Amino acid sequence: MKLKVIVIFIVLFASVYQDFPLVNVFGELARTPIVFMSIPMGIYLLFSNKVYISKYNSYMILYLIYLAVISVAYVSFVIIYTDSAEFLGENLVIKAVKMAVYPLVIIIYYQFIYTWLNNGDDKFTALLYALIGLEVFITLYLIVESLNLGSGYFLTAIHASKNSYWRIRLLTYEESWIGSILTILIFVPAFLVSYLRKPKLLRNIVYSLSAFLLVYYTFKSQSKGYLLLILISILPLAIKKLYDNKETRKLLIFAIPVFLIAGIGVYFSLAEIIAKSWYTSGSFGTRFGSYMGALNIFVYNPFGVGLGSFIYFFANAITDILRSEMFSGLVLSELMGYRATTQALSTKTYFFDHLIIGGVGFLVFFYYFFIKRYIFFSRIKRRDIIFIIIPLVFVILGGIVYFTYDIKYDVWFLLAFTDVLQKKLMNKQDHAV
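Residues numbered from 1 in each chain as written. Predicted model: local features only at pLDDT ≥ 70, side-chain atom pairs only at ≥ 80, totals over all residues. Heavy atoms only, no water.

So, the nonpolar core
The tendency in soluble globular proteins is for nonpolar side chains to be buried as a group. Of all hydrophobic cores here, the largest spans 135 residues; its most connected members are F370, W412 and F417. With 15 residues, the top contributor of residues to this core is helix 5 (residues 92-118). The contacts of F370, once residues within four sequence positions are left out, are Y350, F365, I396, Y405, W412 and L415. (Core = buried A, V, L, I, M, F, W, Y, C linked by side-chain atoms within 4.5 Å. Buried < 20%, exposed > 50% of the residue type's maximum accessible area, 1.4 Å probe, protein only. Helix = DSSP H or I, 4+ residues; strand = E, 2+ residues; numbered from the N terminus. Contact = heavy atoms within 4.5 Å.)

Quick look at the structure:
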């Protein structure tokens with residue numbers, strides 16, 4: 001058991017370490033150690049006696065095949081149309097291959113987590129202890145980092161850039177990346193300790209630790225995306241779950257005022273941050289302009305433009321956005337930089353990036369891979385299932401409005417874990433309290 005806990009702890013730690021210094025040597029793919037660990041993960045899968053590709057992972061594989069076909073067609077078109085394989089200093093063919101590595105590593109990682117958790121009855125217990133260990137570590141790290149923000153150089157040695165940074169970011173590149181990590185670390189252990197029927201003492205310890213981490217970071221956070229999504233993810237679901245259960249319905253009399261006070265607190269905190277920086281900085285302009293550019297590309301290329309040629313179409317869409325009077329009142333300085341280099345050329349969200357890349361094919365994949373998964377868990381009647389729905393809602397909405405999943409292996413861990421959990425719940429017909 002100890003070895004299993006150590007193994008999965010290392011994998012989880014690598015999954016949340018998202019500013020690995022080797023990014024400066026190997027490129028953006030190496031911003032997390034998982035790309036290097038995918039090799040032993042692949043070897044594990046090759047020599048594993050029981051490797052079952054789940055329905056959800058088969059959707060990812062089919063989607064990757066779809067992208068390969070679209071990419072070949074569109075890269076060929078762009079090369080013929082422009083009479084060059086180069087765009088903004090990048091070879092489109094090589095760029096397509098580089099971009100294809102991300103989903104390949106994700107598929108290997110997802111399959112590893114799924115296979116490891118699916119082989120053996122004690123794997124959920126090992127996972128619980130590993131998550132508790134990681135949650136304790138991250139909580140202590142968060143406290144120490146928040147107390148040392150004034151220096152601007154807290155543990156810069158473990159980050160890819162040695163420049164100063166004045167916000168909480170834990171082991172990631174920037175603060176907007178940590179919301180999904182903390183949401184998963186807060187709620188998944190809370191679910192597992194209940195699902196596995198652990199002793200009351202351990203349950204109380206996990207619940208207390210998770211509650212502290214949630215409250216502490218929520219009041220320390222300067223991430224607009226996190227504050228908005230945590231409000232949307234928790235309050236409606238918590239009220240609904242309390243109302244659906246006859247035993248807890250009476251608690252709404254006391255719970256609703258608490259929820260409202262907490263919600264109002266987060267709302268005003270969020271409103272203050274937005275009033276200070278959103279419209280006066282490039283954040284709103286960059287994101288809004290990027291989303292509009294993505295929608296414009298989708299309208300004219302409904303089946304997607306594929307990998308590689310993504311940079312050609314998106315850069316040109318940005319040029320059109322900058323020429324439009326509709327966006328003249330916004331700060332678009334960051335968006336202007338997108339026309340000069342392929343570095344950081346992205347909508348900064350998984351949904352809109354892949355709306356450009358995969359078009360209708362992506363929308364089909366998104367429904368079957370994400371939305372149907374949410375629908376399944378939302379119909380489960382267990383009280384503790386709310387601890388799965390909250391992070392699931394958070395990462396799905398987060399992928400739509402404010403972060404990408406390319407190296408967010410915490411997200412792919414959650415999805416692989418819920419894949420195994422769904423199988424267990426279906427096999428046991430464990431749909432009741």
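Resuming the write-up.
Examining the environment of I297
Mapped onto the fold, I297 is located in helix 12 (residues 282-300). The class of I297 is buried, set by a relative accessible area of 4%. Sequence separation of I297 and A317 is 20 residues, and the distance between their C-alpha atoms is 7.0 Å.

Some remarks on the pattern of salt bridges
Overall, the coordinates contain seven salt bridges when judged by the stated rule. We note a salt bridge from D19 to R31, for which the minimum N-O separation is 2.6 Å. Taken together, the residues span a long stretch of sequence, with D19 in the loop between helix 1 (2-16) and helix 2 (23-26) and R31 in the loop between helix 2 and helix 3 (34-47) at a distance of 12 residues. Overall, the relative accessible area of 9% leaves R31 in the buried class. Between R167 and E175 there is a salt bridge, and its shortest N-O distance comes to 2.8 Å. Exposure remark for E175: the relative accessible area of 1% places this residue in the buried category. Each of the salt bridges in this network shares a partner with another, and the network as a whole consists of D19, E28, R31 and R169. (Salt bridge = Lys/Arg side-chain N within 4 Å of Asp/Glu carboxyl O.)

Describing the packing of helix 1 against helix 5
Where helix 1 contacts helix 5, the two axes come as close as 13 Å, and the packing angle between them is 155°. Comparing the axis directions of helix 1 and helix 5 gives the class roughly antiparallel. You can see that helix 1 and helix 5 cross each other, and the crossing is left-handed. Across the interface between the two elements, K4, V7, I8, V11 and S15 of helix 1 pack against Y109, F112, I113 and W116 of helix 5. Of the residues that constitute the contact of helix 1 with helix 5, the class distribution is seven nonpolar, one polar and one charged. (Axes fitted to C-alpha atoms, helices over the stretch in contact; angles between N-to-C directions. Parallel < 35°, antiparallel > 145°, perpendicular 65-115°, else oblique. Left-handed = near helix turned anticlockwise from the far one by under 90°. Nonpolar A, V, L, I, M, F, W, Y, C, P; charged D, E, K, R; others polar.)

Overview of the packing of aromatic side chains
Taken as a whole and judged by the stated rule, the model has 53 aromatic pairs. Where Y17 meets F20, the ring centres are 5.4 Å apart and the plane angle is 75°; that geometry is what we call edge-to-face. Summarising the burial analysis for this pair, Y17 and F20 share the class buried. With 6.5 Å between their ring centres and 70° between their planes, Y74 and F77 make a pair best called edge-to-face. Highlighted residues: Y74 and F77, both in helix 4 (residues 55-82), separated by three residues, approximately one helical turn. The ring of Y56 carries the charged tip of K55 above its face, separated from the ring centre by 5.9 Å. In this structure, K408 is placed above the aromatic ring of F403, and the distance from its NZ or CZ to the ring centre is 5.6 Å. (Phe/Tyr/Trp six-rings, centres within 6.5 Å; stacked < 30°, edge-to-face > 60°. Lys NZ or Arg CZ within 6 Å of the ring centre and 35° of its normal.)

A look at helix 8 (residues 200-220)
For helix 8, with 21 residues, the first-to-last C-alpha span of 30 Å sits near the 30 Å given by 1.5 Å per residue. What helix 8 keeps buried is the set L202, V206, L209, S210, L213, L214, Y216, Y217 and T218. (Expected span 1.5 Å × (residues − 1).)

Structural notes on the packing of helix 15 (residues 350-378) against helix 16 (residues 386-401)
Packed helices, taken two at a time, are described by the angle their axes make and the gap between the axes. Across the interface, helix 15 lies against helix 16 with an axial gap of 11 Å and an inter-helix angle of 170°. The pairing of helix 15 with helix 16 is recorded here as roughly antiparallel in orientation. Crossing of helix 15 against helix 16: the hand is left-handed. Contacts between helix 15 and helix 16 pair Y350, F351, F352, F366, F370, R373, Y374, F377 and S378 from the former with I388, I389, L392, V393, I396, G399 and I400 from the latter. By residue class, the composition of the contact of helix 15 with helix 16 is 13 nonpolar, two polar and one charged.

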